[in-house]
Amino acid sequence: MSKPPIDPYAAPPDFGPWRFLHRLNPLSKIAAPLPAMALLLFTRDVMTPLVFCLIALTLLVIGAHLRARSLLLLLVAIPVVVGVMSVSFGIWADPAASADPSVIVEAGPLHLTVGGWLIGLATALRLAAIVLLALVGGLTSTGPDLVRSLVQQLRVPYRLGYTALAAFRFVPRFGHELEVIRQAHRVRGISDGRGPIAWLVRTAGYVVPLLAGAIRHAERVALAMDSRAFGAHRTRTERYSIAFRARDWIFIVVFWAATAVVVVFAS
């Protein structure tokens, strides 16, 4: 028995008091880490991005309702990627800029020094910290809630917000259409062999039906919006409102204070 479709515009589920990130306004989860993300663009040490990585991971593990796959990605895959990037960045680091010229690994013309590895580690940690800070809001907010908060708190015209949201929701629709086209080709026994040339031929065969399906879907969305008089009035009603409460201000102030502490003591 198939599951009932999920309403993307319904109120978000309540995951309990410990999963507090889902209770916050999406704008607060953008404003809180924004100064830290801007700061990370100009840092060159290892400790500052490492501390922000730990802060973001702690918030996500404690305050977000994540699946086992997402937790595995955060706790295992990201450290592995940071390790790989630190080595690759360290190999191409300028030897003159490294403080310690001691060689760790040498393979022909390529050699990894301690100073170069530290430079690569700092760069990899900066990228990881920026991504993790962005995931604080990205994994705990939905597109409709972000649009609602932009319209209600920042007074963004709802015509722009919901039009962009409708366009963004085309992406999973395209994925579904592509899978349907692939299954239809398999049922009909359409095969162009194996290898990169065959893959290019198959991919080119998906373009026309996928484009036709996208045009039909866009027409249906436009007709549905017109039939509901979308854009006819300056304001519109919502199923529920996204309030900016005291807890959102507390979250922002605490995060900004933590950012200031990290800047003072970690750099």
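Just above, that's the structure.
This report concerns the structure included in the present document. The structure displayed is predicted, hence computed values, not measured ones.

### A short note on unusual backbone geometry
The residue Arg-155 is not glycine, and still its phi comes out positive at about 60 degrees. Following the sequence through the fold, Arg-155 ends up in the loop between helix 6 (143-153) and helix 7 (158-168). Here Arg-155 falls in the exposed class, since its relative accessible area comes to 63%. One non-glycine residue, Ala-229, lies in positive phi territory at about 60 degrees. Structurally, Ala-229 can be placed in the loop between helix 9 (196-227) and helix 10 (246-265).

### Looking at the environment of Val-87
When you line up the elements, Val-87 lands in helix 4 (residues 68-91). With a relative accessible area of 35%, Val-87 lands in the partly exposed category. Residues Val-87 and Leu-118 lie 31 residues apart in sequence; the distance between their C-alpha atoms is 9.0 Å. Not counting residues up to four positions away in its chain, the partners in contact with Val-87 are Leu-112 and Trp-117.

### With respect to the pattern of salt bridges
Throughout the structure, instances matching the rule amount to 2 salt bridges. The partner of Arg-148 in a salt bridge is Asp-145, and the shortest N-O contact between them spans 3.3 Å. Note that Arg-148 and Asp-145 are positioned in helix 6 at a spacing of 3 residues, about one turn of the helix. Note on accessibility: Arg-148 and Asp-145 belong to one class, buried.

### A look at helix 9
Two residues of an α-helix separated by three or four positions point the same way, owing to the 3.6 residues in each turn. The end-to-end C-alpha distance of helix 9, which contains 32 residues, comes to 46 Å, matching closely the 46 Å that a straight helix rising 1.5 Å per residue would cover. In the structure, helix 9 departs most strongly from a straight axis at Val-207, where the bend amounts to approximately 25 degrees and where the proline Pro-209 lies between one and four residues downstream. Listed in full, the buried residues belonging to helix 9 are Ala-198, Tyr-206, Gly-213, Ala-214 and His-217. In the core, the buried residues of helix 9 are packed alongside helix 8 (170-187). A positive backbone phi angle near 60 degrees is found at Ala-229, which sits one or two residues after helix 9.

Conventions adopted
Residues numbered from 1 in each chain as written. Predicted model: local features only at pLDDT ≥ 70, side-chain atom pairs only at ≥ 80, totals over all residues. Heavy atoms only, no water. Helix = DSSP H or I, 4+ residues; strand = E, 2+ residues; numbered from the N terminus. Buried < 20%, exposed > 50% of the residue type's maximum accessible area, 1.4 Å probe, protein only. Contact = heavy atoms within 4.5 Å. Salt bridge = Lys/Arg side-chain N within 4 Å of Asp/Glu carboxyl O. Expected span 1.5 Å × (residues − 1). Bend = angle between axes of the 7 residues up to and from the residue.

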